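Understanding the architecture of this molecule
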Amino acid sequence: MIPFLRKRVLSSAVPLVCVVLGVFFLARMTGNPVDLYLPLSATPEQRAEFSAAQGFDLSIPTQLWNYLVDAAHFDFGTSLRTGQPAGSMVLDAFPVTLQLAGVTMLLALTGAVLVGSLAAYRPNSLIDRIASLLSMTAASIPDFWFAIMGVLVFGVSLGLLPTSGTLGGPEIWVLPIATLLIRPFGVLVQVVRGSMVTALSAPYVKIARGKGATPRRVVFGHALRNAVTPVLTVAGDLAVGLVNGAVVVETIFGWPGIGKLMIDSILQRDFAVLQAAVLMTAVTIFALNILVDVCHALTDPRVRQAVPA
Amino acid sequence: MLLAGVVLLSSGCAVAGSAGGDTGRADGRTLRVVLTQEPPTLEPCEASLTGTGVVVRSNITEPLVERDPTSGELNPLLATGWKQTAPRTWTFDIRSGVTFQNGAPFTAEDAAFSIDRAVNSDLACNVEGYVFGDDDLEVDAVNDSRLTVTTEQPDPILPLRLSFVEVVPRTTDPKAKVRVPVGTGPYAVTSWKPGAAISLNRNDRYWGEAPAFARARYVWRSDASVRAAMIDKDEAEIAVALDPMEAEKDTTAAYPNNETTALRLDGREAPLDDIRVRRAIDLAVDREGIVDALLGGLAEPAGQLVPPGVVGHNDAIEPTRQNVTEARALVREAAADGVPTGRRITLVARNGMFSGVSETAEALQYQMQQIGLNVKVRMADTATHLQYQLRPLPEDVGPVALLIMHGNQAGDAGFTTSQYLLADGPQSTFGTEALDERVADAGALSGGARQKAFADLLAEQNESVVQYAHLAHMSGLLGLSRSIRYRPDSATGDELRLADVHPAEGAKH
């Protein structure tokens, strides 16, 4: 397991470093933020002072070196927009996104296993057809449209839910999570169904059935264990997408999460916050990938055996 | 089942920053306002930024004088009177009995400090650039109730300029911008939860009439349909910047917002360096069609950069009527003289500049192509658009037609012309020496002579320079709950005075 982990960490670290460096360079290619932060009449001296204060007057390699050295000391710089430490802004925003993504993934997995298994147990039945149609529809609906429709139908027309916001009871979670949930749920139902159909036709399942195991025991006790590997792989990718893709939900519903912070930082050329947000997101995705690989290896010994020591 | 699961699973969770967030319930004492985005700062010297000014100006801080957005007259506020006491000097009488929200009394020394801090310091405040240019002011607190301000050159509109300087106590940091300000206004900041909400409480020390609402809370939602839904759902009393599709509702109020849209044509590059091509573009634009089809009929076709009500607006200028035949002939004539009319022109527009901006850019592209020009649209974010908008302008990017939206909240064309018409103006690509002289001459005038001089030079721009193909004088749309009374005016977009909002008679909460 250790060699497997070592190899996975090394291979996953490469894209992490690429993303962090890529964002650093790409951000600087968009130009000096001085125009956004200084008035029209700012003198050349004021512009030079601003650039020097932010370190923008240094060469790009020097800026990168300073950034890496400071980041190693957990100093991510100061937000140009708010004057607050970039690290603390990111730390404030990140739990919001993680909560959204975590609850969404848990619900998507639970719901998909139940619905997908039910559909797979009787292939081509009415339940299977309905589940397939709904899951494909769910996987195809644009989240932006779904969010706005949710606001208009459940918020304004029916008056059941708040339109947006983060203050209140459990009801405030419903529309944001439903919006985030719909696509991974749709995709996972299809993956679970496909895996379960294969697993349920395996000889050991037939033997279990022949021995008189109950349908629940057959599905969850025997078939699911063997069907779970591809589901976990896809769920891992979807979880990564959720952390990245909470932008729409956070923007529409006014949730102060990392997605919205990242978009605002890009638009405002707030390099320090952008870099800190990307770094934290990349590290989280890196950890998620490792976690998925470990789960994969635990559920399928062939995976870890495939990695030479 | 899933929704129930969400509720159950999430009931134990708490969202960071939620403690003071969001609008809360309607209680009749709290005015809930939903903005498009979180203000980047509440620093008073940045109040000329729309996002900051809409919260700060005349709510938290106040200036010495204020401009009536309807009549254009200057009214007393923290100064009770003012007069020009020497060619370069104005004297202001300071109101007595005013205290800051921190309990300190307001005197002329605070006013002098505020002007020094905003205009003469190294803080690089936005108010300095737009309103005062490069010139410093000589400020002297003669005594507690008298202030003199001396300019480098005679300035007939100095009191108007000073209406943009928000007064802060002399204890405010003179070397760094503050995040949360103290002022003399009717409301004071009680909390700012980053990402969630800004809360204000009524200032019990306020020198003027107490506002009707004891509290105010600002939240922000970037999607216009959500802002509109918050009014429908009684989650907010005021929602700014709604889409034209909401215009028919009885909870929506339209108001002229002093913004004017136009295409700025880059006179440095062929084929736009040829006046026939620029004039052809002006003739190609179907203003009525764009206003009706894309702007919800809420704007007025424009023929100049300032709308009615602004000093210098020329009533005699008619918006150019579309004439495709004449425009094509001009382009052909230029081509025959060797002007490379087939060279690709980049039409740059900014995302979110106004509702329907991308469709407007595409319509302009079609109309320009219709007369034989080669046009490509580029939608840009604010930072990229600024690179095209301000000097130093980008080099080697070919001919650019920039879709601009200019807001003249100061109410005087002098602020427009110094930026957009001078040959080397910060937001101008070219001009003429003659027009520059007329801008300088007009700026030294006052009263009727000033009005006429600016009106004449705006007409002259359309004749001799044609740097702009004007599009429309725009309107803003405000969502207003039935539970309140508020009449928006042309300043509302930049200065939403909470004290002007009152509970509607018979409103229930």
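Residues numbered from 1 in each chain as written. Chains lettered and ligands numbered in written order. Predicted model: local features only at pLDDT ≥ 70, side-chain atom pairs only at ≥ 80, totals over all residues. Heavy atoms only, no water.

Focus: the overall build of chain A
The cut-off we apply is this: A run of H or I in DSSP becomes a helix once it reaches four residues, and a run of E becomes a strand once it reaches two; helices and strands are each numbered from the N terminus. Three exposure classes are used, based on accessible area relative to the maximum for each residue type with a 1.4 Å probe and protein chains only: buried under 20%, partly exposed in between, and exposed over 50%. Charge counting treats Lys and Arg as positive and Asp and Glu as negative, with His and both chain ends excluded. The location of each charge is read from NZ of Lys, CZ of Arg, CG of Asp or CD of Glu.
On a plain count of helices and strands, chain A comes out with 14 helices and 0 strands. Counting from the amino terminus, chain A carries its helices and strands in the arrangement α-α-α-α-α-α-α-α-α-α-α-α-α-α. Counting the 309 residues in chain A, one finds 47% classified as buried. Charge-centre separation for chain A: the mean point of 20 positive side chains lies 25 Å from the mean point of 16 negative side chains.

Re the pairing of strand β15 (residues 374-380) of chain B
All names here are of chain B. Inclusion rule: Strand pairing is assigned whenever DSSP identifies at least 2 bridges connecting the two strands. We call a crossover right-handed when, viewed with the strands running away from us, the connection from the first strand over the helix to the second turns clockwise.
Bridge count between strand β14 (residues 344-350) and β15: 7 bridges; the pairing is parallel. Across the sheet, the residue bridging to Val348 is Arg378, located in β15. Handedness of the β-α-β unit built from β14, helix α10 (residues 357-370) and β15 comes out right-handed.

Digging into helix α12 (residues 258-267) of chain A
Of the positions making up α12 of chain A, those classed as buried are Ile258, Gly259, Lys260, Leu261, Met262 and Ser265 of chain A. Looking one or two residues beyond α12 of chain A, the residue adopting positive phi is Arg269 of chain A, at roughly 50°.

Quick look at the packing of helix α5 (residues 86-121) of chain A against α12 of chain A
Residue and element names in this part refer to chain A. So the rule is basically this: Here an axis means a line fitted to C-alpha atoms, over the contact stretch when the element is a helix, while the angle between two N-to-C directions is reported on a 0 to 180 degree scale. Working rule for angles: under 35 degrees goes down as roughly parallel, over 145 as roughly antiparallel, 65 to 115 as roughly perpendicular, anything else as oblique. Whether two residues are in contact is decided by their heavy atoms, any of which lying within 4.5 Å being enough. Residues were grouped as follows: Ala, Val, Leu, Ile, Met, Phe, Trp, Tyr, Cys and Pro as nonpolar; Asp, Glu, Lys and Arg as charged; and all remaining residues, including Gly, as polar.
Where α5 meets α12, the axes come as close as 7 Å, and the angle between the chain directions of the two elements is 135°. With respect to their mutual orientation, α5 and α12 come out oblique. Every residue of α12 that contacts α5 at Met89, Val90, Ala93, Phe94 and Thr97 is listed here: Ile258, Gly259 and Leu261. When the residues that make up the contact of α5 with α12 are grouped by side-chain class, the tally is 6 nonpolar, 2 polar and no charged.

Observations regarding the state of the cysteines
Here, the word disulfide means a covalent bond between the sulfur atoms of two cysteines. Residues and elements named next belong to chain B. Defined as follows: Note that a disulfide, as used here, is simply two cysteine sulfur atoms within 2.5 Å.
Scanning all chains against the criterion turns up 1 disulfide over all chains. One disulfide bridge connects Cys45 with Cys125, the sulfur atoms lying 2.2 Å from each other. Torsion about the S-S bond of the Cys45 and Cys125 cystine: about -75°, corresponding to left-handed handedness. Of this pair, Cys45 sits in the loop between β1 (30-35) and α2 (50-56) while Cys125 sits in the loop between α3 (108-120) and α4 (126-132), and the two are 80 residues apart along the sequence. Residue classification places Cys125 among the buried positions, given a relative accessible area of 0%.

Quick word on the sheet that holds strand β6 (residues 138-143) of chain B
Residue and element names in this part refer to chain B. As summarised here, the arrangement of the 4 strands in space is β4-β5-β7-β6, forming an open sheet in which the pairing is antiparallel. One side of each edge strand has no neighbouring strand; the edge strands of this open sheet are β4 (79-86) and β6. Averaged over all adjacent pairs, the angle separating strand axes in this sheet is 20°, with direction ignored. As defined by bridge partners, β6 adjoins strand β7 (residues 146-150) across 5 bridges and the pair is classed as antiparallel. Paired with Asn143 across the two strands is Arg146, which belongs to β7. Most of the contacts of α3 go to β6, to which it runs at about 175°, and overall it touches β5 (89-94), β6 and β7.

Topic: the packing of aromatic side chains
Aromatic ring pairs are reported here in terms of the distance separating the ring centres and the angle at which the planes meet. What counts is decided by this rule: Working definition: rings of Phe, Tyr and Trp (its six-membered ring) pair if their centres are within 6.5 Å, and the pair is stacked with planes under 30 degrees apart, edge-to-face with planes over 60 apart, and tilted otherwise. Lysine NZ or arginine CZ positioned within 6 Å of the ring centre and within 35 degrees of the ring normal marks a charge as sitting over the ring.
On inspection of all chains with the given rule, the structure shows 9 aromatic pairs over all chains. Judged by centre distance (6.4 Å) and plane angle (55°), the rings of Phe164 of chain B and Phe415 of chain B are tilted. Taken together, the residues span a long stretch of sequence, with Phe164 of chain B in the loop between α5 (158-162) and β8 (187-193) and Phe415 of chain B in helix α12 (residues 413-420) at a distance of 251 residues. Just as Phe164 of chain B is buried, Phe415 of chain B falls in that class too. Feature note: the residues Phe24, Phe25 and Tyr67 of chain A constitute an aromatic cluster, connected by ring pairs. Just above the ring of Trp192 of chain B sits the side chain of Arg179 of chain B; from NZ or CZ to the centre is 3.7 Å.

What to know about the pairing of β1 of chain B
All names here are of chain B. For β1, a buried count of 6 out of 6 residues is recorded, marking the element as mostly surrounded by other parts of the structure. Along β1, one buried face is formed by Thr30, Arg32 and Val34 and the opposite face, lined by Leu31, Val33 and Leu35, is buried too. Bridging between β1 and strand β10 (residues 215-220) involves 6 bridges; their strand directions are parallel. Across the sheet, the residue bridging to Arg32 is Arg217, located in β10.

Comments concerning a negative patch on the surface
Residues and elements named next belong to chain B. The condition is simple: Each patch is built from salt-bridge-free residues with over 30% relative accessible area, joining like charges within 9 Å and nonpolar side chains (Val, Leu, Ile, Met, Phe, Trp, Tyr) within 5 Å. To measure how exposed things are, a 1.4 Å probe is used in the Shrake-Rupley method; for residues, cover is taken only from the protein chains shown. Salt bridge, as used here: a side-chain nitrogen of Lys or Arg that lies within 4 Å of a carboxyl oxygen of Asp or Glu.
A contiguous patch of negative charge on the surface is contributed by Asp116, Asp134, Asp135, Asp136 and Glu152. Looking at the element boundaries, Asp135 is found in the loop between α4 and β6. Residue classification places Asp135 among the partly exposed positions, given a relative accessible area of 36%.

So, the interface of chain A and chain B
As a measure of interface size, the accessible area lost when the parts come together is often cited. The condition that has to hold: Using a 1.4 Å probe, buried area is obtained as the accessible area two parts lose upon being combined, added over both of them. Any N or O atom pair separated by 3.5 Å or less is treated as a polar contact, with the protein-specific requirement of one donor-capable and one acceptor-capable atom, and with residues adjacent in sequence counted only for side-chain atom pairs.
Each partner contributes residues to the interface: chain A has 48 residues there, and chain B has 50 residues. Contact between chain A and chain B buries roughly 4200 Å² in total, counting both sides, with carbon and sulfur atoms accounting for 64%. Here Arg269 of chain A ties to Asp381 of chain B by a salt bridge, and the two come within 2.8 Å at their closest N and O atoms. Linking chain A to chain B there are 6 residue pairs in polar contact (both at pLDDT 80 or more). Those elements giving two or more residues to the side of chain A that touches chain B turn out to be α2 (34-37), α5, α7 (143-157), α8 (171-200) and α11 (247-253) of chain A. Take the side of chain A that touches chain B: its biggest share by element is 8 residues, from α5 of chain A. Looking at side-chain class alone, the side of chain A that touches chain B contains 28 nonpolar, 16 polar and 4 charged residues.

Examining the environment of Ser51 of chain A
Residues and elements named next belong to chain A. Tracing the sequence through the fold places Ser51 in helix α3 (residues 44-54). Residue class for Ser51 comes out buried when judged on its relative accessible area of 10%. Separated by 17 residues in sequence, Ser51 and Val34 have C-alpha atoms that sit 7.2 Å apart. Aside from chain neighbours lying at most four places away, what touches Ser51 is Asn32, Phe56 and Asp57.

Concerning the side chain of Glu246 of chain B
Residue and element names in this part refer to chain B. Residue placement: Glu246 occurs in the loop between β11 (238-239) and β12 (252-265). Taking the relative accessible area as the measure of exposure, Glu246 reaches 10% and is therefore buried. Here Glu246 is in contact with Ala228 and Thr252, once residues within four sequence places are set aside.

Notes on the confidence of the model for chain B
Residues and elements named next belong to chain B. Rule in force here: What pLDDT expresses is the predictor's confidence in each residue, scored from 0 to 100.
On average, residues of chain B score 91 in pLDDT, and 94% of them are at 70 or above. The weakest mean pLDDT in chain B belongs to helix α1 (residues 2-10) at 42; the strongest belongs to helix α7 (residues 275-284) at 98. Long-range and interchain partners of residues 1-21, a stretch whose pLDDT sits below 50, account for 41 contacts in this model, where long-range means more than four residues apart. Model confidence for the complex is summarised by a pTM of 0.86, with the ipTM given as 0.81.

A short note on a nonpolar patch on the surface
Residues and elements named next belong to chain A. On the surface, Trp145, Met149, Leu152, Val153, Phe154, Leu158 and Leu160 cluster together to form a nonpolar patch covering roughly 630 Å² of accessible area. With respect to the secondary-structure elements, Leu152 resides in helix α7. Classification of Leu152 as partly exposed rests on a relative accessible area of 34%.

Comments concerning the pattern of salt bridges
Residues and elements named next belong to chain B. This model, assessed by the stated rule, comprises 30 salt bridges over all chains. The partner of Lys177 in a salt bridge is Glu46, and the shortest N-O contact between them spans 2.5 Å. Linking Lys177 in the loop between α5 and β8 with Glu46 in the loop between β1 and α2, this pair joins segments that are 131 residues apart in sequence. Connected through shared salt-bridge partners, Arg57, Glu66, Glu166, Glu495 and Arg497 make up one network.

Concerning the environment of Trp90 of chain B
All names here are of chain B. Structurally, the position occupied by Trp90 is in strand β5. According to the relative accessible area criterion, Trp90 is buried, its value standing at 10%. Separated by 413 residues in the primary sequence, Trp90 and Pro503 place their C-alpha atoms 40 Å from one another. Beyond its immediate stretch of four places on either side in the chain, Trp90 contacts Trp82, Lys83, Gln84, Thr85, Leu147, Thr148, Val149, Asp155, Pro156, Leu158 and Pro159.

Some thoughts on the packing of helix α1 (residues 2-29) of chain A against helix α13 (residues 271-299) of chain A
When two helices pack together, you describe them by how their axes are tilted relative to each other and by the distance separating the axes. All names here are of chain A. Rules: Here a crossing is taken to be left-handed if its near helix is turned anticlockwise relative to the far helix by less than a right angle, and right-handed if that turn runs clockwise.
Across the interface, α1 lies against α13 with an axial gap of 9 Å and an inter-helix angle of 160°. Here α1 lies roughly antiparallel to α13, going by the angle between them. As for the relative orientation of α1 and α13, their crossing is right-handed in sense. Grouping the constituent residues of the contact of α1 with α13 by class yields 20 nonpolar, 3 polar and 3 charged.

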